[in-house]
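Listed below, chain by chain, are the residues.
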Amino acid sequence: MPIPLLNLFKYLLIVLIWLFFLRVLRAIWVESRPARSSIMVSASNPAPSVAAPATRSKKPRRQGKTEDPGSGPKLRVVSGAALVPGASFAIGESMTIGRGQGCTVPMVKDTFASSVHARVYQHLGGWYVEDLDSTNGTFVNGKKISGSQVIVSGDRLQIGQTIFEVSL
């Protein structure tokens, strides 16, 4: 092969190595920063999808406790290694569930859950769960969902290896 062609291949290889390195850095950056607010509306999903912004509270969050366990809609942990069974989480208007620290329900130890795995929210008087493009999917009563799905009291949500029971 001619020398100029070998030099061209050498420079292309160096560029590819740098692009790979930059891609790895970008992936680390995206995983380590808090989630930002975004609004998406699609034809197949008429309900607006708003990701909850990550907020830092002044008090440390206690995992598995609700503010007022006796009232309002909540998710109760039925089984799973990441959270204590019986723990419950108040839903509010919207909540995110996943391994990320910015999630309303942080499931740090559940390796089958994505960083921001799913969202439970209220829209037009009904309650919905939405899979947020998670790797392993979100299940309602044992059936995998795509996009948003209506949930009612008594439904079971599986996110990663953790199962929640809905109480509305």
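Predicted model only: the values in this text are computed from it and were never measured.

Enquirer: In this structure, what is going on with the overall build of the chain? I would like to understand it.
Expert: Looking only at helices and strands, the chain features one helix and 13 strands. By residue count, 30% of the 168 residues in the chain fall in the buried class. Taking the intrachain contacts of the chain between residues at least 6 apart in sequence as the baseline, contacts between residues at least 24 apart amount to 37%. As displayed, the chain has an accessible area near 11100 Å², and 60% of this comes from carbon and sulfur atoms.

Enquirer: Teacher, can you tell me more about the pairing of strand β7 (residues 118–123) here?
Expert: Every other side chain in a regular strand lies on the same face of the sheet, so the side chains alternate between the two faces. Bridging between strand β5 (residues 94–98) and β7 involves four bridges; their strand directions are antiparallel. Directly across from I97, in β7, lies its bridge partner A118. Taking the residues between adjacent antiparallel strands as the criterion, β7 and strand β8 (residues 126–131) are bridged by two residues, where L124 takes a positive phi near 50 degrees.

Enquirer: Looking at this structure, how should I read the sheet that holds β5?
Expert: One key point about sheets: their strands pair by backbone hydrogen bonds, in either a parallel or an antiparallel sense. Taken in spatial order, the five strands of this open sheet run β6-β5-β7-β8-β11, and their pairing is mixed. Each end of this open sheet is capped by a strand with a single partner; those strands are β6 (105–106) and β11 (148–151). With two bridges connecting them, β5 and β6 associate as parallel partners. If you follow I97 over to β6, its bridge partner there is V105.

Enquirer: Got a minute to help me understand the sheet that holds strand β12 (residues 156–159) in this structure?
Expert: Across the sheet, which stays open at both edges, the six strands sit in the order β4-β3-β13-β12-β9-β10 with antiparallel pairing between neighbours. Bordering the open sheet on either side are β4 (88–90) and β10 (143–145), each of which pairs with just one other strand. Each strand axis lies, on average, 30 degrees off the axis of its neighbour in the sheet, ignoring direction. Two elements, strand β9 (residues 138–140) and β12, share three bridges in a ladder whose sense is antiparallel. Across the sheet, V140 pairs through a bridge with L157, a residue of β12.

Enquirer: Help me out: how do you make sense of the side chain of D155 in this one?
Expert: Residue position: D155 is located in the loop between β11 and β12. There is a polar contact of 2.9 Å between the side chain of D155 and the side chain of N141. Within the structure, D155 has its side chain in polar contact with the backbone nitrogen of V152 (distance 3.0 Å). Look past the residues within four positions of D155 in its chain and what remains in contact with it is V140, N141, V150, F164, E165 and V166.

Enquirer: Quick question: what am I supposed to make of the confidence of the model for the chain here?
Expert: Segments scoring low in pLDDT should not have their predicted coordinates read at a detailed level. Residues of the chain with pLDDT of at least 70 account for 77%, and the chain-wide mean is 79. No element of the chain has a lower mean pLDDT than strand β1 (residues 39–40), which averages 40, and none a higher one than β9, which averages 95. The model gives residues 35–69 a pLDDT under 50, and that stretch makes 48 contacts with residues more than four places away or in other chains.

Cut-off values and rules
Residues numbered from 1 in each chain as written. Predicted model: local features only at pLDDT ≥ 70, side-chain atom pairs only at ≥ 80, totals over all residues. Heavy atoms only, no water. Helix = DSSP H or I, 4+ residues; strand = E, 2+ residues; numbered from the N terminus. Buried < 20%, exposed > 50% of the residue type's maximum accessible area, 1.4 Å probe, protein only. Contact = heavy atoms within 4.5 Å. Areas by Shrake-Rupley, 256 points an atom, 1.4 Å probe, with all protein chains shown as cover. Pairing = 2+ DSSP bridges. Axes fitted to C-alpha atoms, helices over the stretch in contact; angles between N-to-C directions. Polar contact = N/O pair within 3.5 Å; in protein donor to acceptor, adjacent residues only side chain to side chain. pLDDT = per-residue confidence, 0-100.

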